[in-house]
Structure formats: C-alpha cells, structure tokens
Amino acid sequence: MRHAITLRIGPATFRIGSAWSQPIAQLRRLYAAYPDVDGAIADFTVRLQPTSLLRRFLRPSIFITGDHGLADAAPMSLAHGLLAAEMGMNLQMALGWRRHLLLHASSVEKNGRVLVMTGESGSGKSTLAALLGERGWRFMGDEFALLDLQSGAILPFPRLVSLKNQAIGVVADAVGDARMGPLLAATAKGDIRHMMPRADAVARMDQGGMPALLLFPRFGHEAAVRELGQGEIFMRLTQASTNYVTLGEPAFAGLTRFVTAVPARAIDFPSGEAAFAMVDRLWEELA
Amino acid sequence: MDATPRYRRDSSDAVASCTLDDLVLLYHRRSGQTHMVISPVPEILAQMADGAALSAGDVHDRLARDFDLGPQDEAMVEIAAHLDALVALGLVRRT
C-alpha cells in the first residue's frame, strides 16, 4: 500500500496500510508514544482501500479489510479514516487473536491489581476507564482485556480510547486538547473523538496484573449496586468474549477460574462523580 | 423384545465440570460446547458415570438411594424427559 505504519499495542503488532496519507499521518501523531516497531513482522494487517479505483479521488470511500474481513462491512468516508483504522485493528483482534481470552472490557490497575469493567457499547466502561486513568489508576485498555489462561492475569491492550458523543467533552476537559484526536463528526456511531492514554500507561503496556474486581457499569441510571450470581457472570463474560469458543477447554478452565476468584458487582450511575465514589468504595470493600 | 429405551454415557463424552452457585457448567470436550445445567441433571449424570446402559427406571432406582424422589410415576416421567434432553445435547447416548 502507498502509506503504511506498524504499531505495537500490548502483545499485538499491526501493520496498517492505506491508499491515502491522512489516516496514517493521524495514527502517527496519536501513537507517537508507542514503541517504534517499523519493519517488525506484524500479527495482523489492516488495509484501508478505495471501494473502487475512482473512489480514491472522488468522494473518497474506504473499505476496511485485512487478514480477517467482514463481507458486509459498510464503506466509510475518508474523513473518518482514523476511525476506519481503529475499527480495522479491533476487527483483526476480535476475529484473529488466539493467545489470550479476549474480553470486551475496559481495565485499570492499582498496586498490581486490576479492575475489569465490561458492558455494552454506551455502558460508560470506556469513559470510566479513561477518567480513572487520570485519577491515580493506570489505564490498561478501554476495548479489550486480555485474560492470560496460564497465569490468570489480565494483560493490557491500551489502544486509543474511543469516546462518543457527550463523553467527548467530559474527557477532553479532564485531559486537555493535546491528548485528543480530531473530531470525527456524524459517524455511524455518532460523533467520535479519540484520546491518547498517558505516556506511563503506554510505557507499562507489557505489565499485566491479577484481576481483583469485576464491574458491570451502566451509565444514565440512578445509583445502585447489585450482586450477580456466578452463573450470570459466566454467561455475560462468554457473551463479552469473541474467542471463548475458539480457545476450547483452556478458555473454560480460565474463565471459570476468573468467575470463582474475582468478586463482581453491577453498578448503575448517573454521573462520573457518582461512579468514582462507587468504584472507590467497592474497591475498598471487595478487592 | 425389550422396547424400553436405555441410555449410557460414553467415555468419549467426558465433560469438565465446574459448580457456580446453584448451577453446574459442563464443558463437553467432543463438541467444544459449554452447557449450563441445574439439579437434577448433574445428579443424573453422576449416576451414569460408570458407563452402564440404564433405563429411566434404573436411573430412578440409583437416584432413590441418595435422594427422596417423591411418587415414582412422576419422578420417572421427569427423569425420562431429562435423559432425552441430554441425548439431544450429545451428552448421553440412547442405545
């Protein structure tokens, strides 16, 4: 491809190629603090290519593909090229990663112990992880938590944090504009802006930690804490994993070990402040 | 001719199990599927662990040694239904 960059995020290396220079230039700026792995053999290839030859120039339209592709992935506008690259990396991980059990979850660490937060898109798990990362926790990832099936540790995957709609302003106020990417307006998921993790979180992206608390956050509801049965937790985590079935019995053993060892709660919260107080209290009580 | 269906667990149908609160997870190695079951399914499977071909009545009698099953007719109907469900899942074979 005409333009390319190789990035390592946690244990995974990606080579992203693009027919256009703009998405690669944006990645180069936003991933400047990450290790320089130019020339390394990548685990995954992501390709941003025109939907047709003409569409490289005329109303440029991006088709995301790579080692693993989705047949019905909708083409995106070049203005959203950065998002296309990020989605492409997520897609390769979700469909192709085999070294760890992948949980669709955010994670932060304190004193070597990890808080894992899982939930649907819009649950607030990304925003919460991003903001906790500015409040004394180490940010480990907002999209995937990697469960090591041998040791039981959670490993970081600290990509850029993808923030949507009202979360953008909240986080931009907390971290400052210099750590924010360009505003990608009116994407299929609404407005999106990326946040760069703190440099220390990137520098420590090879250090995992043992999980000490699992939360199922839900933003936009009156404050409440609910206990969950282990069966429900197990079921929700298998649904939150893209490779549980593929990894077979080691995944069964690793996930049941996680569920029986790690205390868990569902938390509803109306605001960030309410969530911080709940997280602090539950961490104190349970972790 | 004996028309009573008999059921058995084959050694190749071995499962890894894990108890979570009041339910039991079974990882079926041959299919790679994880099943979530509740009582009396784990108890029924445990009675069949020796691989013997058993009728629903045999399973009932084995269970009755450890559990109070209530009226035999009702318990038999329930056990037979569970055995057929387990056949459908591939955890038990009908012989």
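Cut-offs used in this document
- Residues numbered from 1 in each chain as written.
- Chains lettered and ligands numbered in written order.
- Predicted model: local features only at pLDDT ≥ 70, side-chain atom pairs only at ≥ 80, totals over all residues.
- Helix = DSSP H or I, 4+ residues; strand = E, 2+ residues; numbered from the N terminus.
- Rg over C-alpha atoms; globule rule 2.2 N^0.38 Å.
- Buried ≥ 20, exposed ≤ 12 C-beta atoms within 10 Å, placed from the backbone.
- Contact = placed C-beta atoms within 7 Å.
- Nonpolar A, V, L, I, M, F, W, Y, C, P; charged D, E, K, R; others polar.
- Domains from an automatic or database assignment.
- Pairing = 2+ DSSP bridges.
- Axes fitted to C-alpha atoms, helices over the stretch in contact; angles between N-to-C directions.
- Arc of directions from axis to C-beta.
- Core = buried A, V, L, I, M, F, W, Y, C linked by C-beta atoms within 7 Å.
- Expected span 1.5 Å × (residues − 1).

## Observations concerning the overall build of chain B
Right, so step 1: Check the secondary structure of chain B and you find three helices and six strands.
Right, so step 2: For a compact globule of 95 residues, the expected C-alpha radius of gyration is about 12 Å, and chain B comes in at 13 Å, within 12% of that figure.
Right, so step 3: Each of the three principal axes of chain B carries a C-alpha extent, and together these read 35 × 35 × 20 Å.
Right, so step 4: Taking all 95 residues of chain B together, 26% fall into the buried category.

## Considerations on the interface of chain B and chain A
Right, so step 1: Contact with chain B, which involves 11 residues of that partner, is made by 11 residues of chain A.
Right, so step 2: Put simply, the parts of the chain that give the side of chain B that touches chain A at least two residues each are β2 (15-20), β3 (23-28) and β4 (33-37) of chain B.
Right, so step 3: When grouped by side-chain class, the residues that make up the side of chain B that touches chain A number seven nonpolar, two polar and two charged.

## As for the domain arrangement of chain A
All names here are of chain A.
Right, so step 1: One can read the domain layout of chain A as domain 1 (3-96) and domain 2 (101-159 + 197-286).
Right, so step 2: Spacing between the C-alpha centres of domain 1 and domain 2 amounts to 27 Å.
Right, so step 3: Taken residue by residue, the interface counts nine residues in domain 1 and 13 residues in domain 2.
Right, so step 4: In terms of residue class, the side of domain 1 that touches domain 2 is made up of seven nonpolar, two polar and no charged.

## Describing the sheet that holds β3(B)
All names here are of chain B.
Right, so step 1: Strand order across the open sheet formed by three strands is β2-β3-β4, with antiparallel pairing between neighbours. A single partner strand is all that each edge strand has here, and the edge strands are β2 and β4. Across the sheet, the mean angle from the axis of one strand to that of its neighbour is 20 degrees, orientation sign disregarded.
Right, so step 2: When β2 meets β3, the two strands line up antiparallel, connected through six bridges. Bridge pairing links Ser17 to Leu26 in β3.

## Considering helix α1 (residues 22-30) of chain A
Residue and element names in this part refer to chain A.
Right, so step 1: Considered for burial, the residues of α1 that qualify are Pro23, Ile24, Leu27 and Leu30. Angular distribution of buried residues about the axis of α1 spans 130 degrees; they occupy a single face of the element.
Right, so step 2: Turning to α1, the residues buried within the fold contact β1 (3-9), β2 (12-18), β3 (44-50), α2 (81-96) and β13 (190-195).

## Details of unusual backbone geometry
Residues other than glycine predominantly adopt negative phi, and peptide bonds predominantly adopt the trans conformation.
Right, so step 1: Residue B:Pro40 follows B:Ser39 across a cis peptide bond; omega there is 10 degrees.
Right, so step 2: Locating B:Pro40 in the fold gives a position in the loop between β4 and α1 (41-47).
Right, so step 3: The residue A:Asn111 is not glycine, and still its phi comes out positive at about 50 degrees.
Right, so step 4: Here A:Asn111 lies in the loop between β6 (101-110) and β7 (113-118).

## Considering the nonpolar core
All names here are of chain A.
Right, so step 1: Ranked by internal contacts, the top residues of the largest apolar core, which has 106 residues, are Leu101 and Leu255.
Right, so step 2: Tallying contributions element by element places α2 first for this core, with eight residues.
Right, so step 3: Counting contributing residues, this core receives three or more from each of domain 1 (3-96) and domain 2 (101-159 + 197-286).

## Topic: helix α3 (residues 72-89) of chain B
Right, so step 1: Between its first and last C-alpha atoms α3(B) spans 26 Å; for 18 residues at 1.5 Å apiece the expected length is 26 Å, and the two agree.
Right, so step 2: Here the buried face of α3(B) lies against β1 (6-8), α1 and α2 (56-64) of chain B.

## Let's talk about the sheet that holds strand β4 (residues 61-66) of chain A
Residue and element names in this part refer to chain A.
Right, so step 1: Read from one edge of the open sheet, five strands run β1-β2-β3-β4-β5, paired in mixed fashion. The open sheet has two free edges, formed respectively by β1 and β5 (76-77), since each of these has just one partner strand.
Right, so step 2: For β4 and β5, the ladder comprises two bridges, and the chain directions are antiparallel. Considered in β5, the bridge of Ser61 is made with Ser77.
Right, so step 3: Contacts from α1 reach β1, β2 and β3, with the element oriented near 30 degrees to β1.
Right, so step 4: The strands touched by α2 are β2, β3, β4 and β5; relative to β3, the strand with the most contacts, the crossing angle is about 140 degrees.

## Focus: the environment of A:Arg99
All names here are of chain A.
Right, so step 1: If you trace the backbone, Arg99 turns up in the loop between α2 and β6.
Right, so step 2: Its 14 C-beta neighbours within 10 Å are what place Arg99 among the partly exposed residues.
Right, so step 3: Expressed as a C-alpha distance, the spacing of Arg99 and Leu146, which sit 47 residues apart in the sequence, is 8.7 Å.

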